[in-house]
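The residues making up each chain are set out below.
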Amino acid sequence: MTKAASLFTNGAIRTMNPAQPVAEALAVDAGGRILGVGSARDLQRFVDGKTQEVDLAGRFVMPGIFDFHLHVIDGIVLRQRSFPIDAGDDFDTILESVRQAAASRREEGWLIGGSYGEQALGYIQSAGPEAKRRLNEASGDRPLLMFHVSQHGAFVNDAALREAGIHTETPDPPGGRVVRVQGEATGLLEEHAMSLVTSAIPEPTDIELIDLARAAVQYFNSVGMTGFVDAMSTPAMLRAFRALDDAGELSAWSGFTLATRHGSTVCSQAAKEMLEKRKQICGPHMIAENAKIFLDGVPSLRTAAMISPYPGVGGHGEMYLTPDELFAEIAALDRQGVGVKVHAIGDAAVARVLDAVAKVRRENGDDGPRHHIAHGQFLRHEDIGRMKQLRVIADLNPPLWFVNHASLAHERVVGAERYSKVWPIRTMLEAGVTMALGSDWLTIFPEIDPWKALAGLLTRRDPSRKYEGVHAPQEAITLDQALPLMTCNPAEGIGLGERTGRLEVGMSADMIVLDRDLYAVSSEEIAGTHVLKTYFEGRQVYSSVTSAD
């Protein structure tokens, strides 16, 4: 019999295995796989003189969090190198932040800020070029880029426009707009027009990318994550994570969604080649079996594709691919065994994705890879059943199912009646739709906070009580229903369901120790949860506990 390298005992362990939902102890072999689950007494058969016993001190233990949708490199770059802007700041407050950043970051190069919200955007839109001139004064001659909280828009100064080569004759790129007043660029960039500027910012070197990837994984471990899915990955990113994996430093299961399109119309040859070689390129803790397509925009910019027009201003948003183009893209990838994650927020976009997948299933067969609808915030009731039937995974992100600054901004744009129907999570669960939770870090919130998102699922209220009100309380779910959305469901959805996401025999010992029993506290108290320790393949990769503790 294989003996345990470690025996974890005296824990309140939630396994996510319906056949054995709770346990006291885990036996783990030298390779980080679980040998046994049960009581310490039952697992003594795996113990010998070399087994290390770890006392969990009665703490609550569960599988590590698996974030189904985030942006690794963009997120960690902004976290480490940008200057902060609160999404609730007005324009004058933002300008003061810009002045401070320009004064304190005296080195040459770009200034990056994130993320401004609806109050500042309203002023920028109404002031036109005058807002840009005020930004020029605050930033000096340094190129500056600030992202809108949705990450689907940006505001830049004249120095950034010059660096990007944007002038009066520059055409709008497909799927994007350089906002102009009487021919002058105001500094506002919408959707794929952002790439005109972001492509002018020097890319991190290969060594810098490895350092960024390492820092991101360390951050993920600190908030209880042992797995993630990057929602728009590049070949350079995969190379960086492969270097970490080869060095034994990758302490999170790493899923990659390859960006097969640059912007909305030009396919990336490098990404296509990467898809063809994906199995050889990935290390043992990596998987790249999905590709990304953008179909529409976001509600806050009125670019999410809606069936009914936006109230007050009209317009239905836009879609970047025709039905035939979308079908052809998904069908080609489906034939290669590649699942497709489609960014679709508006109900018209969601319906188009489901129409395309239905046609793919008819032509390619029902047993192809599972495809994902990312966001899917606005959803017709009749399309919920189709998601179940077509085996489409609902990629739920960002966590806006409780009242917060972003949900209120969306509500103002689309109207209270339409917003009251978004995020029908309980209804989707009852219909049998497979769902997985993502943070979309860092589009809305600057930090990853799984516990605030979890509390919001249970109450549909802002756990901090900063924002009053409750959003669609009939769609609240239970803790038993919510935890799989953060653990086994995303692992399964990315193709790692037989390796991680549950604490059962044969699975990786990826688990977190929390400062409270989630089943013994109120939903509001869940929001304040802290991770004490994180284990990946049975080895400790994070601890907030000092020796004095």
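For the structure itself, consult the block above.
Report on the accompanying structure. (Residues numbered from 1 in each chain as written. Predicted model: local features only at pLDDT ≥ 70, side-chain atom pairs only at ≥ 80, totals over all residues. Heavy atoms only, no water.)

With that out of the way, let us pick up the sheet that holds strand β11 (residues 144-148). The six strands are arranged β9-β10-β11-β12-β14-β13 in an open sheet whose pairing can be described as mixed. Two strands in the sheet have a free side with no partner beyond their single neighbour: β9 (83-84) and β13 (176-181). The pairing of β9 with strand β10 (residues 111-116) spans two bridges and is classified as parallel. Bridge assignment links Phe83 to a residue of β10, and that residue is Gly113. (Pairing = 2+ DSSP bridges. Helix = DSSP H or I, 4+ residues; strand = E, 2+ residues; numbered from the N terminus.)

Pairs of packed helices are described in terms of their axes, by the angle between the two and the distance that separates them. Between helix α7 (residues 206-222) and helix α8 (residues 235-246), whose axes approach to 9 Å, the crossing angle comes to 70°. By the angle class used here, α7 and α8 are roughly perpendicular. Considering only the axes of α7 and α8, their crossing is right-handed. Of the residues in α8, those in contact with Leu209, Ile210, Ala213, Arg214 and Val217 of α7 are Ala236, Ala240, Phe241, Ala243 and Leu244. Here the contact of α7 with α8 is built from residues that sort into nine nonpolar, no polar and one charged. (Axes fitted to C-alpha atoms, helices over the stretch in contact; angles between N-to-C directions. Parallel < 35°, antiparallel > 145°, perpendicular 65-115°, else oblique. Left-handed = near helix turned anticlockwise from the far one by under 90°. Contact = heavy atoms within 4.5 Å. Nonpolar A, V, L, I, M, F, W, Y, C, P; charged D, E, K, R; others polar.)

A separate point is the sheet that holds strand β26 (residues 539-543). Taken in spatial order, the six strands of this open sheet run β3-β2-β7-β24-β25-β26, and their pairing is mixed. For this open sheet the edge positions go to β3 (22-23) and β26, each flanked by a neighbour on one side alone. In terms of strand pairing, strand β2 (residues 12-14) meets strand β7 (residues 60-63) through two bridges, oriented parallel. Looking at β7, one finds that Ile13 is bridged to Val61.

A word on the nonpolar core. As a rule of thumb, soluble globular proteins bury nonpolar side chains together. Tyr116, Met146, Phe220, Phe241 and Leu518 are the most contacted members of the largest nonpolar core, which has 148 residues in total. With sequence-adjacent residues up to four places away left out, Met146 is seen in contact with Phe83, Ile85, Ile94, Val98, Gly113, Tyr116, Leu135, Gly153, Ala154 and Phe155. Among the nonpolar cores identified, the runner-up in size contains 16 residues, and Ala23, Leu503, Ala509 and Val513 belong to it. (Core = buried A, V, L, I, M, F, W, Y, C linked by side-chain atoms within 4.5 Å. Buried < 20%, exposed > 50% of the residue type's maximum accessible area, 1.4 Å probe, protein only.)

This brings us to the pattern of salt bridges. Counting across every chain of the model gives 27 salt bridges. Arg361 is paired through a salt bridge with Asp334; the nearest N and O atoms lie 3.5 Å apart. Residue Arg361 is located in helix α12 (residues 347-364), and its partner Asp334 is located in helix α11 (residues 323-335); the two are separated by 27 residues in the primary sequence. Across the pair Asp355 and Arg386 runs a salt bridge whose closest N-O atoms are separated by 2.8 Å. One end of the pair, Asp355, is in helix α12; the other, Arg386, is in helix α13 (residues 381-389), and 31 residues separate them in sequence. Residue class for Asp355 comes out partly exposed when judged on its relative accessible area of 45%. Connected via shared salt-bridge partners are Glu130, Lys132, Arg133, Asp158 and Glu184. (Salt bridge = Lys/Arg side-chain N within 4 Å of Asp/Glu carboxyl O.)

Given a rise of 1.5 Å per residue, 14 residues ought to cover 20 Å, and the 20 Å separating the end C-alpha atoms of helix α2 (residues 91-104) matches this to within 8%. Residues of α2 that are buried: Phe91, Ile94, Leu95, Ser97, Val98, Ala101 and Ala102. Down the axis of α2, the sector holding all buried residues measures 160°, keeping them to one side. Next to the buried residues of α2 lie β9, β10, α3 (118-127), α4 (129-139), β11 and β12 (153-156). (Expected span 1.5 Å × (residues − 1). Arc of directions from axis to C-beta.)

The next subject is the environment of Gln80. By the element assignment, Gln80 lies in helix α1 (residues 72-81). In this structure, the C-alpha to C-alpha distance between Gln80 and Ala394, residues 314 residues apart in sequence, is 31 Å. Setting aside chain neighbours within four positions, we find Gln80 in contact with Leu212 and Ala215.

Our next topic: the packing of aromatic side chains. Here the structure, examined in full by the defined rule, presents 14 aromatic pairs. On the numbers, 6.3 Å between centres and 35° between planes, the contact of Phe60 with Tyr519 is tilted. Highlighted residues: Phe60 in strand β7 and Tyr519 in the loop between β24 (511-514) and α20 (523-526), separated in sequence by 459 residues. Judged by its relative accessible area of 3%, Phe60 falls in the buried class. (Phe/Tyr/Trp six-rings, centres within 6.5 Å; stacked < 30°, edge-to-face > 60°.)

Bringing the packing of helix α17 (residues 450-459) against helix α18 (residues 479-486) into the picture now. Between α17 and α18, the least distance of the axes is 10 Å, while the angle of their chain directions is 140°. The orientation of α17 relative to α18 falls into the category oblique. Like other packed secondary-structure pairs, α17 and α18 cross with a definite hand, here right-handed. Contact residues: α17 offers Pro450, Leu454, Leu457 and Leu458, while α18 offers Leu479, Ala482, Leu483 and Met486. Taken together, the residues that form the contact of α17 with α18 break down as eight nonpolar, no polar and no charged.

This paragraph deals with unusual backbone geometry. Between Asn397 and the following residue, Pro398, the backbone shows a cis peptide bond with an omega angle of -15°. Within the secondary structure, Pro398 sits in the loop between β22 (393-396) and α14 (405-414). Trp441 connects to Leu442 through a cis peptide bond whose omega is -10°. By the element assignment, Leu442 lies in the loop between β23 (435-437) and α17.

Among the eight residues of α18, six are classified as buried, and the element is accordingly described as predominantly covered. Of all the residues in α18, the buried ones are Leu479, Ala482, Leu483, Pro484, Leu485 and Met486. Residues of α18 that are buried sit in contact with β7, β8 (65-70), β23, α17, α19 (488-494) and α20.

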